[in-house]
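Structure at a glance
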Amino acid sequence: MSDPAIQRRSFLGKLAAAVLGLASLPAAWILGRSLVPNVHYEAPRRYKVGRPDVFPEGVSFLEERRLFVVRERNAFHAISAICTHLGCTVKYAPFRHKREMAVRGLSYTSRGEFVCPCHGSRFRDEGTNFTGPAPRPLVWYHMDVAPEDGQLRIDTGREVDRDFRLTV
Amino acid sequence: MASTSEQGMWRRLLWSWRPESGREARRAVVRNFLLHWFPTRVARRSLDYGYSFYLGTISFALFAILTVTGIVLMCYYVPSVERAYGTMKDIDTVVSFGWFLRRVHRIAAHMMVVSVLLHMVRVFLTGAYTSSTSSVARREVNWIAGVALLVLTLLLSFTGYLLPWDQLAYWATTVGTSIVASIPLVGPPVRYLLVGGSEIGQATLLRFYVLHIAALPLVLLGLAVWHVWRVRKDGGLSATEPALRQAAEAVAAGRAPAAALDDDETSLPSSPHLTTRVLIVVVATVAAASLLALAFPAPLEMRASPQAPPNPAKAPWYFLGLQELVSYSGFVGGAVIPLAVVLGLALIPLVDRERRGVGSWLVDGAGRAWAGCGAAYGLVVTCGILALGELAPMRSLFPGVESQLFFDVLNPASLLLALFVLLYWDVRASTGSTRYAALATFCAFAISFALLTYTGTALRGPNWELFWPWQAWPEHPTLF
Amino acid sequence: MIPRLSRRELIVLLAVASAFLVSGVAVLLVDARPTWRHYQEQFEDIVREHHGAAVPDEELRGIQQIWVEPLGVVDRCTTCHQGVQWSDLAADEHPWRPHPHPELLRSHPVEEYGCTSCHGGQGYALDEDGAHGPSQHWEEPLLGRGLAAAYDADDPPPLYEIRCNVCHRYERETPGMPVINRAKALVRDKGCVICHAIDGSGGRFGPDLTAAGDKKPGLYDFSVYAGEPLSVLNWHIAHFVTPAEVVPTSIMPDIDLEAADALALSMLMMSWRDDGRLRPRYLPGAVYGEEQSPEEMERDRRLRESEGAFFVENTCYVCHSVEAHDIQSPTDMGPDLSRAPETARARFSKTLDKFLAEPTGTMETVLESHIPLTEAQKAVAIEEIRRAYEIARNREQIRTGRPD
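Residues numbered from 1 in each chain as written. Chains lettered and ligands numbered in written order. Predicted model: local features only at pLDDT ≥ 70, side-chain atom pairs only at ≥ 80, totals over all residues.

1. Considering the confidence of the model for chain B
Confidence in the prediction for chain B averages 89 pLDDT; 96% of positions are at 70 or higher. Summarising per-element confidence for chain B, the mean pLDDT is lowest in helix H12 (residues 241-252) of chain B (73) and highest in helix H5 (residues 55-74) of chain B (97). (pLDDT = per-residue confidence, 0-100. Helix = DSSP H or I, 4+ residues; strand = E, 2+ residues; numbered from the N terminus.)

Here it is in structure tokens:
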């Protein structure tokens, strides 16, 4: 293997193999990356629901969005109306009289609860499931104020916990 | 240098690709799945770029490129008349590298039609559709399989053409299926099945889609694999014929036959010599397709509009020669000539049984001369009938005649056919050889096909009128 | 030993492998920096500099797509035009400029209409030429000033009104569409329906014009008339001015139009598209539902325009009659509101104000879920009820002749 001709060919062979290997990288990237979608033909995850002053105090139900927007004076939060059991839309049942309650370590004034008509799951108004087959609390979504026109904006791609408040 | 155990590991994995002894080279094709298509040894002449130009390999590589790019495109394309066009737009705009993969797919499709045609021309001109030795080789059968593969390639291209559902796609399909319908007896039912009804619509799109992505590729793959296996069974490319013939003669003379392909002067082990060449050709094909795709955009015209045919409405380029002839006579151009061509091609091995000059280009000096004659004849005759069609249209020469049959019999297309038949008999008569006659006729046909295709592509404008390259087509109106 | 691969062989392999590598790298480079990314970065700078807003907003990076399924609209305009929905942005130039008519955006939100519904253009495209056009294979160019200048460089016509009228065609007159409004008036004045069928009724002397805007350019005859640009719009303008010069066999009379009027009518023609796929909510002015008898129409009009319109608008009258304004509830499930101040005291021992602030019984549910009223609205309701009460008391006094 000390013949220079053979050594040259061995080098050329390795070089050719290396270049081929290198060339396969952009090719693999092109074929692979093209399979990852860049746009989605779905309902938008983030959407605006109106300016803060159109929302009355308390719970507002947005039927098409399957969402509750809750207002406590100047603090807003958004709770999903989708039951965590099998996806039915829950209803809000307000109490005649507000109650003091402690749920999962949080003491607060409860004004009603969410009820799912499909299998009877019930949730506290801060979302915790306490009766029925629902396995998890109702989801809270991130809210902010759209800088361009001041509307409230819900992001169903970002879940937040029950401490979340948007103060306007 | 890598450590011995590392080297040993690479060696164990890759030995069959880089055999280091004659024994390893022989075992490689037996022990390696991918290599078992290849013979142990391959004739040096077969390896020659200048013999086969590796057109078969190129065709197969293009098919592989089409499959891979096609799979990605299938993740985005929807075969619905409402949605297809939108998905094409999306591929071109928002799919990462979608514009490029679509261009590669299209250019590889065109390249494959060209390479398959060139491959057929090469096989014919080297007489490789027949065998010169004993009955072991059955190249005639393989030739017919090859003609079938050509038809399948054209069908694959044709079915794919419709999928974008733009004006180009829709009207090319309209023209193409009309040509099919002009075949007597079987034409209309076949068109009905292809179209899935009477009018081109959702049913057509779905059938063409199924044909394009599933049915035709499977059939083509199966047939292509059989085609390559047949080559192996036939002893390799016909460039090996001289060696095989010598071996047969030696057996007949009672000498112990030298193993026809055992010495390094006439042959080489497939691994690594054939494998390397195949690799070179495949990589070159991929590179060429990529570079051509960077240079040439894939057109997407307006959404298909059944009420508004474009003027002119053209078939895909490989059918434009046919469309040119169809403009003279639907029956002759659409039915008679295509049938004659396909049957003629398929039956060449049965017509030419001389088995002369198998494995050599154009046989010999006389062969080259006759090929040249044929090409020149084809050129002259085709220009002649084109001029005849332009300057003396049949319906102007015989304004009083009403009979369609009259015009179907007497027209430039049937004249062309007649002149070709004349050429064959004439050469056959003057040389007494079917091979030379076939050579001349085939070359004439090839030149004629090329010229008619060029005319249909570049010189025909609105109303199928002749526009020389320097003449501008009338401007097309727009909404605003 | 077997013959080794020749050096030439390996050099050829190296060459094709390099070509393959080069082609791959070239593709990556070509694709790497689309113009829109550049615009997005500059937008981020504008917002950060002048508005200190929460940037970078990751949602705004990348391709932005508005998909309006009922209209079949897929618009990616906001990929470059990121400032469109901002009410106040420190940017005067395209593509970051906010929409010059935010009130139009409010009534036609982008999420429900897209952009191309009003402006034309190619929503799919991500490059300027492809998106705006004119482009050889996309027939709907952006109906902007650039295109309009080809028709009148000094006073470019508002071609976008064509797109307004695709939906607004059933309205007699729409604010913001002066040219189309003029064209509609001309259609009424000149009596076009005598010869042409439009929307199902009219004459048969000329072609049906209901979907005149859908006729493809290839179907027009430009053999006699050829304008600059060679467009359907120009064809219409010339045809309106002198029909016989454009269609020699035409029996359409010369209707003596000025150039501006011919342009208005041509724009109207091009706006008349087949709206068969549009849902009713996109077609203002179109009448849907059962035919009403004259009595029913009169009754509804009276309700809408009466003194007690407040109770109709806010649907109180569904349960409560209001005798003072002669409003009869279809159900009478609750007490007459003209007596509400007395009823509240009698039934609930509360003043009216207190009752509306803390409702009990059915009203609690109603005011919570069905008719949520803001504080301001409740104040108005109280006013209206008091007024009705006064009116009812006066009537009572007149009737019985007895002061209360």
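2. Regarding the nonpolar core
Ala-108 and Ala-440 of chain B are the most contacted members of the largest nonpolar core, which has 117 residues in total. If one sorts the elements of this core by residue count, helix H7 (residues 98-125) of chain B sits on top with 15 residues. With residues up to four places along the chain from it excluded, the contact list for Ala-108 of chain B reads Leu-62, Ile-65, Leu-66 and Ala-289 of chain B. Counting residues in hydrophobic clusters, the runner-up holds 38 residues, among them Trp-36, Val-74, Met-269 and Trp-272 of chain C. (Core = buried A, V, L, I, M, F, W, Y, C linked by C-beta atoms within 7 Å. Buried ≥ 20, exposed ≤ 12 C-beta atoms within 10 Å, placed from the backbone. Contact = placed C-beta atoms within 7 Å.)

3. Here's the deal with the sheet that holds strand E5 (residues 91-103) of chain A
All names here are of chain A. Taken in spatial order, the four strands make up an open sheet running E5-E6-E7-E8, and their pairing is antiparallel. The sheet terminates laterally at E5 and strand E8 (129-131), the two strands that pair on one side only. With direction set aside, neighbouring strand axes in the sheet form an average angle of 35 degrees. Note that E5 and strand E6 (residues 106-115) share nine bridges and pair antiparallel. Counted as the bridge partner of Pro-94 is Gly-112 from E6. (Pairing = 2+ DSSP bridges. Axes fitted to C-alpha atoms, helices over the stretch in contact; angles between N-to-C directions.)

4. Quick word on the packing of helix H8 (residues 139-162) of chain B against helix H15 (residues 330-351) of chain B
Residue and element names in this part refer to chain B. Packing of H8 against H15 leaves a shortest axis separation of 7 Å and a crossing angle of 160 degrees. Relative to H15, H8 is oriented roughly antiparallel. For H8 against H15, the interelement crossing comes out right-handed. For the pair formed by H8 and H15, the contact residues are Glu-140, Trp-143, Ile-144, Val-147 and Val-151 on the first element and Val-342, Leu-345, Ala-346, Ile-348 and Pro-349 on the second. A class-by-class count of the residues in the contact of H8 with H15 yields nine nonpolar, no polar and one charged. (Parallel < 35°, antiparallel > 145°, perpendicular 65-115°, else oblique. Left-handed = near helix turned anticlockwise from the far one by under 90°. Nonpolar A, V, L, I, M, F, W, Y, C, P; charged D, E, K, R; others polar.)

5. Brief notes about unusual backbone geometry
Here the amide bond leading from Asn-311 of chain B into Pro-312 of chain B is cis, since omega sits at 5 degrees, within 30 degrees of zero. Following Gly-133 of chain C, the chain continues into Pro-134 of chain C via a peptide bond in cis, with omega recorded as -5 degrees. By secondary structure assignment, the location of Pro-134 of chain C is in the loop between helix H6 (128-132) and helix H7 (145-149). The phi angle at Thr-315 of chain C is positive, at roughly 60 degrees, despite the residue not being glycine. One can find Thr-315 of chain C in the loop between helix H14 (309-313) and helix H15 (340-348).

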